[in-house]
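# Architecture at a glance
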Amino acid sequence: MIDILQLLVFGIVLGGIVALGAVGVSLLFGILRFAHFAHGDMMTLGAYLAFVFAGILGWPLPLGFALALVLTIAVALAIDRTIYRRLRRTAPVILLFSSFGIALILRSVIEMAFGPDTVVYDTAISTPWTVGGLRIKPDHVTILAGTAVLVAALHLFLRRTRTGKAMRAMADDPDLARVTGIDTERVIAWTWIIGGGLAAAAGMFLALDTRLVPTLGWHILLPVFAAAILGGIGNPYGAILGGLAIGIATELSTLFLPPVYKPAVAFVIIVAMLVWRPTGLIAGR
Amino acid sequence: MNMLAVDGIHGGYGEVDILHGANLSVAADEIVVIVGPNGAGKSTLMKAVFGLVAVRRGEVRFDGADITNAATATLVARGLAYVPQERNVFPTLTVTENLEMGAYLRRDDIGPDLERVWSVFPDLHARRKQPAGEMSGGQRQMVAIARALMSRPRLLLLDEPTAGLSPKYVDEIFARIADIRAGGTAVLMVEQNARRALHAADRGVVLVLGETRFADTGAALLANREVAAAFLGGARG
């Protein structure tokens, strides 16, 4: 029983990280109508930028995280302005392939700059707390609290602000949004701010939980897409639930499968969803 | 003085033009209806006015200013609003949020406008927190029209507002359109229910094969035997 609870804790931590990535993928798909394959590498970028501040310069981790978040958003906006914006009127598949290219560029630049080897934020090894037989790392508390704050902020943004509502409207129907007079370029820019910022946070949390390598984000892209599809692509709330479901399912799979099969869980979920419920588990439209 | 003047426009979606010399005009206090057989280009003409279909020849003027092929956001700012025939609400947004999106370009207080919508559409007030996608077709049409009014347009473009609705809602829509005009907003509409629409309209335009064939008052078009026989399903008055 305690094993299952322990795996649930790991699953929720992983699920929160996947959810942060999946929200961006889902919103970007809803608004720009293409699968953003560079999202994983945007996560990696955020994680390495945090490493520059917190690891190399030795600044406090929260400050490093905040700076990395802002810089990742700036890079996301710059990529959109220089590359994706020129391709908005073309077929979505062209945007998809250009995002493949961006993914390769980001990953290669990161590898050139930092090398292929593992790096860590902090050399001090934090000792896990034991709560009723459960082992909980302080990093896990940081990750869960950070994720909860970001999700709450996202919720307030989407429900209470004019731009957030316009973002949901545009994810519902981009053509109607344009006809209504919504400033679609402004909404797109905000989508990159939200998507890029959450991707950076997800990357930093993942690096904190595991280890930082240039393929960090690329390897979690599959679960991120699985979560977005599970929640109904275009639906940010579905993406959060999808992320938690994928994270928990992945960790619980080790009860009856060798851990090397963990990545296969997300893959099986994607295939099953696309076969039986391509519109997502959460019925929306 | 005409608020909207469409002068001999040609245009369409791809290589082939659908409109071949369409004309119409709307004055500031008028209801004008576009009728004609299926495939005549009625909806295309409406979209061309709103900059959603490329106009290759001819001119669209609003308040005397050339708005041919203008960006839709600038048209909303000028005082036009458009309600598409289908997919005209944001399904996951609540009724209130749909209305707020209609007022996206406004920076002033929209409270009085919301109050007015609730008084005109009491049904919507009861369902204001419900996602628009969960409502019936007739209610969605009300939401769509109310949303368009939130930008305080001076000209409202309605594309087949009664298509597929029950008689009860058709009556309701026509009553609301009369209210909207009484409130100072001109209406240009495409309507498949041609006889009914011409009765409600000040003037009508008969569009055939992308070209304006007749343009007259609603009553005159209804009395015109040629129009009645060819486009209104018989000569009954």
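Just so you know, these numbers come straight off a predicted model, no measurement behind them.

## A word on the layout of surface pockets
Size it by volume and the largest pocket reaches roughly 1200 Å³. Lining the largest pocket we find 36 residues, and of these A:Pro174, A:Asp175, A:Leu176, A:Arg178 and B:Leu52 sit closest to its centre. A total of five residues in the lining of the largest pocket trace back to one element, the largest contributor, which is helix H7 (residues 174-180) of chain A. Class assignment of the residues belonging to the lining of the largest pocket gives a composition of 17 nonpolar, six polar and 13 charged. In this structure, the second largest pocket encloses a volume near 650 Å³.

## Some points on the environment of A:Ala22
Residue and element names in this part refer to chain A. Mapped onto the elements of the fold, Ala22 is located in helix H1 (residues 2-32). A relative accessible area of 0% places Ala22 in the buried class. Between the C-alpha atom of Ala22 and that of Ile110, which follows or precedes it by 88 residues, the distance is 22 Å. Beyond its immediate sequence surroundings of up to four residues, Ala22 is in contact with Val224, Ala227, Ala228 and Ala239.

## Some words on the packing of helix H3 (residues 61-82) of chain A against helix H8 (residues 184-209) of chain A
All names here are of chain A. Where H3 meets H8, the axes come as close as 8 Å, and the angle between the chain directions of the two elements is 140°. Relative to H8, H3 is oriented oblique. Where H3 crosses over H8, the handedness of that crossing is right-handed. Seen from H3, the contacting residues are Leu61, Phe65, Ala68, Leu69, Thr72, Ile73, Ala76, Leu77, Asp80 and Arg81; seen from H8, they are Glu185, Ile188, Ala189, Trp192, Ile193, Gly196, Gly197, Ala200, Ala201, Met204, Phe205 and Leu208. Looking at the contact of H3 with H8 residue by residue, the classes come out as 16 nonpolar, three polar and three charged.

## Focus: helix H10 (residues 236-252) of chain A
Residues and elements named next belong to chain A. Taking 1.5 Å of rise per residue, 17 residues should cover 24 Å, and H10 covers 24 Å from first to last C-alpha, within 8% of that figure. On the buried face of H10, the contacting elements are H1, helix H5 (138-160), helix H9 (216-230) and helix H11 (262-276). Where H10 begins, one side-chain oxygen reaches toward the backbone nitrogen of Tyr237, 3.0 Å away; that side chain belongs to Asn235.

## A closer look at unusual backbone geometry
A positive phi angle is found at A:Arg33, which is not glycine, with a value near 60°. Position of A:Arg33 among the secondary structure elements: in the loop between H1 and helix H2 (39-56). For B:Arg87, which is not glycine, the phi dihedral falls at a positive 45°. By the secondary structure assignment, B:Arg87 is in the loop between strand E6 (80-83) and helix H3 (95-102). B:Arg87 gets classed as exposed once you look at its relative accessible area, which sits at 61%.

## Some remarks on the pairing of strand E7 (residues 155-159) of chain B
Side-chain direction in a regular strand flips from residue to residue, so the side chains alternate between the two faces of the sheet. Residues and elements named next belong to chain B. Burial analysis of E7 places five of its five residues in the buried class, which makes it a mostly covered element. With burial as the criterion, each face of E7 is covered, one bearing Leu155, Leu157 and Asp159 and the other bearing Leu156 and Leu158. Where E6 lies against E7, four bridges are found, and the strand directions are parallel. In the strand pairing of E7, Ala81 is matched with Leu156. Where E7 lies against strand E8 (residues 186-190), five bridges are found, and the strand directions are parallel. Among the inter-strand pairings, Leu155 is bridged to a residue of E8, identified as Ala186. In this view, the connection linking E7 to its parallel neighbour E8 by way of helix H7 (residues 167-182) has right-handed handedness.

## Let's talk about the packing of aromatic side chains
Taken as a whole and judged by the stated rule, the model has 13 aromatic pairs over all chains. Through a chain of ring-to-ring contacts, three or more aromatic side chains come together here, namely A:Phe37, A:Phe97, A:Phe100 and A:Phe225. Positioned above the aromatic ring of B:Tyr169 is the side chain of B:Lys168, whose terminal nitrogen or guanidinium carbon lies 4.5 Å from the ring centre.

## Remarks on the interface of chain A and chain B
With 18 residues of chain A at the interface, the matching set in chain B holds 21 residues. Around 1900 Å² of area is buried between chain A and chain B when both sides are counted, 56% of it from carbon and sulfur atoms. Summed over the three residues of chain A that lose the most area to chain B, namely A:Arg162, A:Leu176 and A:Val179, the buried surface amounts to 33% of that side. At the boundary of chain A with chain B, the tally comes to three salt bridges. Residue B:Glu97 is joined to A:Arg168 by a salt bridge in which the shortest nitrogen-to-oxygen separation is 2.7 Å. Joining chain A to chain B, the criterion identifies six residue pairs in polar contact (both at pLDDT 80 or more). When residues of the side of chain A that touches chain B are traced back to their parent elements, those giving at least two are helix H6 (162-172) and H7 of chain A. Of all the elements, H6(A) adds the most residues to the side of chain A that touches chain B, at six residues. The residue makeup of the side of chain A that touches chain B, split by class, is six nonpolar, two polar and ten charged.

Calculation criteria
- Residues numbered from 1 in each chain as written.
- Chains lettered and ligands numbered in written order.
- Predicted model: local features only at pLDDT ≥ 70, side-chain atom pairs only at ≥ 80, totals over all residues.
- Heavy atoms only, no water.
- 1 Å grid on protein atoms, 1.4 Å probe; cavity = no way out; pocket = protein on both sides within 12 Å on 5 of 7 lines; lining within 4 Å.
- Points joined across faces, edges and corners; volume = space filled by probe spheres on them.
- Helix = DSSP H or I, 4+ residues; strand = E, 2+ residues; numbered from the N terminus.
- Nonpolar A, V, L, I, M, F, W, Y, C, P; charged D, E, K, R; others polar.
- Buried < 20%, exposed > 50% of the residue type's maximum accessible area, 1.4 Å probe, protein only.
- Contact = heavy atoms within 4.5 Å.
- Axes fitted to C-alpha atoms, helices over the stretch in contact; angles between N-to-C directions.
- Parallel < 35°, antiparallel > 145°, perpendicular 65-115°, else oblique.
- Left-handed = near helix turned anticlockwise from the far one by under 90°.
- Expected span 1.5 Å × (residues − 1).
- Polar contact = N/O pair within 3.5 Å; in protein donor to acceptor, adjacent residues only side chain to side chain.
- Pairing = 2+ DSSP bridges.
- Right-handed = clockwise from strand over helix to strand, strands pointing away.
- Phe/Tyr/Trp six-rings, centres within 6.5 Å; stacked < 30°, edge-to-face > 60°.
- Lys NZ or Arg CZ within 6 Å of the ring centre and 35° of its normal.
- Buried area = accessible area lost by both parts, 1.4 Å probe.
- Salt bridge = Lys/Arg side-chain N within 4 Å of Asp/Glu carboxyl O.

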